[in-house]
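Descriptive structure summary
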Amino acid sequence: MSNAISYDEALKNYQPMAQREPAVEELSTEELLKQYHPDHYDDAAVTLQVGPNRGDSCHKQLADMLQADARIDEADLAGAKTRKTDILVIGGGGAGCAAALVAAKAGARVTLATKLRLGDSNTVMAEGGIQASIEKDDTPQVHYEDTIKAGHFQGNKNLVANMVSDAPEVIRWLIQQGMQFDLDKFGDIMLRRAGGTSADRVAYYRDYTGLEMMRVLRESVMNSNIEVLDYSPAVELLANQSGRCAGAVISNLKDCTYELIRANAVIIATGGIGRMHLNDFPTSNHFGATGDGLVLAYRLGAKMLDLDSFQYHPTGLAHPHHLAGSLITEGIRSAGTYLLNSEGKRFVDELQTRDHVSSAILKECAEGRGIHVGDDSVGVWLDTPGLELRNPGLIEQRFPKLLQLGKKCNINLATTPLLIYPTLHYQNGGVQIDENGQSTVRGLYCVGEVSGGIHGRNRIMGNALLDIICFGRRAGAHAAENSRRPGHKKISIEHLSSLRRNLTMSKMPMEQKGPMLFPECAKFENDSDYDGLRKHRGKKIHTT
Amino acid sequence: METQIEQLVTVTINGKEIKAPPSLSTIQALWYAGYPRVQSVGCLEGVCGSCRIMVRRAESTEVTMALGCQTLLEEGMEVNFLVFPTPTHHTYNLAEIPNSWEVQTEFHRVFPEAVNCRVCNGCNKSCPKEIQVKEGVALASKGRFQEAGELFVECVMCNFCMTACPEYIAPNHVGLFSRRVTAYFHTRPSNLINRLEVMRKGELKVEIDQD
């Protein structure tokens, strides 16, 4: 019954061919997703018991974190240093940097706290590019319609309309920060097509778009008067007497102390959740993508959206094992690369939306047309040799990062296909925001992947980099304009009392502490270097 | 997930002897052996520049620089993770350069040390991306910023070359300056400019379809 074969056997059978028959797909997108997309796994979602989204569906691993106990209590803050600023930005990726730069330029005093180093983020890893409708046959209206449709009509129309209308100005702002794009011989921006869209709209710099963006934004921040606190993850938000967000508590990983940062506005830009490894999927995400901002915002009462909707990128590397989950850019499919099953046949329109293509891959593997490595890895072919036959030299010219990945795998992409399998890539939902990035909690903004409502239940390539810069800039400008207010009289973490009361009343376990901060593999929770930031059986151990 | 049975190799990382499969990177090896590792970890794909290591291979006296996530274990290898250096002292603001005729003047004001390059090759040798760093610095010093910037396409700002430079040139920042001025003064795409102009006139407004 099963045509599943081993990697070695499949490789022996594989013949590079320029042309192959298009796929005949038997299921509609809706049916395909329902049967094979991980969001629809039987036990994937639970109902939230406490907090602003009580009663809503949420992925069970994320629910555990949203309903976890806090890492700190009042006693931890006794004697903690306090710092004051107008605007506190939490997160040092593209969204955080854009927000900080715009707010600082508008004259606000800005402090940016980041868990690792400035620029350590998913932004730096983005490959595909950034969407902006600038081709003559394309319009913001078409960009809007593509985005809404790809999100299965669940996106917030107002947010999407604002984002697509900002897009050309966003590209200009990036160029003014010193970012380069690939240009044609006339100096025009070159554009490629995202899966599931109707025009060439993705601007890019090789397959290093995110790296180019991030090194430029980092340099821009470092050459400004923005105060940067690195190795400083936020562990709790602060509020004033009326519940307005009034800053955050950060834990300083260098000297293992807590610090209170009083601010008139807080902008959370902490990114997504890939390193929670939902449903045990590998991830393309950065080491720091542990969903901290979601937890902080939820505890202070911010409403969330679509917490059961995640993106699995179709082309994660499946072999060799130590690189599993590494991302292969959608640009390669956009350039015309086919996906093949163990029979050497195409099984999906490769330029369909990501959720569709991923589900189709999972279907092939489930129905025994996958290629197996040992007992625990399976995947399908990404037919780069076919692309090389149709477009000699294109891979080398346009995809230097992919070429590097091939070298690391000891695979010559021009003659040997890569084994791929979907990888956990993006959180479609997140904190509900308005067009200025404001959450439902006053004084609290959320921008970038941590926010929700823009991409509906599926995001298209190039809309993430656009989202982070567009809403980062909007939040920065809005926060700066509204940050000239008298300081807060009293700031506290009193919201944790009601959290703990609610958890107890709902009979929720209190062992789990959140936010997660670091992936399990890093063993942060038993790293003796950080004892100062932890409690042991209720008794705090002091180091130094 | 289980790995296939592999011969383990013995390596020394930060002074700790570790036995681990050779298919692991130096970071994965620490985790595999049960040692925590939080700092100096980033994208794990070789583009963030966080995991700076010094490596000495068995039977060799040579010490090389590398990225920890990109370096697989080899028998007898010695590895030390390096802390990230303090930021460079060079500061500049693109908006304060009056026009593209003044870029070279501004460059020498911001990076006065660049002309002192003694061609020691420390930067090239320390670069984990095999960038021709010193050649880039020389081009930038002559005002050939576009060419200089092209050499730094792969630069992940790991700052190894900055650490290696005895003249405190901060070569990676020279490379990034070269790239940024090229975009800031010379990227003028007519397709983008035309679209901005049309939109400035109030055309191409998005109509939100109400259900």
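1. Here's the deal with the overall build of chain B
Regarding its fold elements, chain B presents 8 helices and 5 strands. Listing every helix and strand of chain B by position from the N terminus yields β-β-α-β-β-β-α-α-α-α-α-α-α. Against the compact-globule benchmark of 17 Å for 211 residues, chain B has a radius of gyration of 23 Å, which places it well outside the compact range. Considered along the principal axes of its C-alpha atoms, chain B spans approximately 65 × 65 × 25 Å. In chain B, which comprises 211 residues, the share counted as buried stands at 42%. Partitioning the contacts of chain B with sequence separation of at least 6, the portion at a separation of at least 24 is 58%.

2. Some details on the environment of A:Arg484
Its place among the elements puts A:Arg484 in the loop between helix 15 (463–481) and helix 16 (495–505). Residue class for A:Arg484 comes out exposed when judged on the 10 C-beta atoms lying within 10 Å of it.

3. Points about the domain arrangement of chain A
All names here are of chain A. Along its sequence, chain A is carved into domain 1 (5–36 + 310–425) and domain 2 (74–309 + 428–481). Listed per partner, the contact involves 28 residues of domain 1 and 26 residues of domain 2. Of all the elements in the fold, those that place two or more residues in the side of domain 1 that touches domain 2 are strand 15 (310–317), helix 10 (331–334), helix 11 (354–366), helix 14 (400–408) and strand 19 (418–427). Here the side of domain 1 that touches domain 2 gets 5 residues from one element, more than from any other, and that element is strand 15. Taken together, the residues of the side of domain 1 that touches domain 2 break down into 10 nonpolar, 12 polar and 6 charged.

4. Details of the packing of helix 2 (residues 29–36) of chain A against helix 11 of chain A
All names here are of chain A. Across the interface, helix 2 lies against helix 11 with an axial gap of 9 Å and an inter-helix angle of 55°. Classified by the interaxial angle, the pair formed by helix 2 and helix 11 is oblique. Pair helix 2 / helix 11 crosses with left-handed handedness. Of helix 11, the residues touching helix 2 (which contributes Thr-29, Leu-32, Leu-33 and Tyr-36) are Asp-355, His-356, Ser-359, Ala-360, Leu-362, Lys-363 and Ala-366.

5. Some remarks on the interface of chain B and chain A
In this assembly, 48 residues from chain B lie in contact with 54 residues from chain A. Looking at the side of chain B that touches chain A, the elements that each hand over two or more residues are helix 1 (26–32), helix 7 (171–186) and helix 8 (190–200) of chain B.

What counts and what doesn't
- Residues numbered from 1 in each chain as written.
- Chains lettered and ligands numbered in written order.
- Predicted model: local features only at pLDDT ≥ 70, side-chain atom pairs only at ≥ 80, totals over all residues.
- Helix = DSSP H or I, 4+ residues; strand = E, 2+ residues; numbered from the N terminus.
- Rg over C-alpha atoms; globule rule 2.2 N^0.38 Å.
- Buried ≥ 20, exposed ≤ 12 C-beta atoms within 10 Å, placed from the backbone.
- Contact = placed C-beta atoms within 7 Å.
- Domains from an automatic or database assignment.
- Nonpolar A, V, L, I, M, F, W, Y, C, P; charged D, E, K, R; others polar.
- Axes fitted to C-alpha atoms, helices over the stretch in contact; angles between N-to-C directions.
- Parallel < 35°, antiparallel > 145°, perpendicular 65-115°, else oblique.
- Left-handed = near helix turned anticlockwise from the far one by under 90°.

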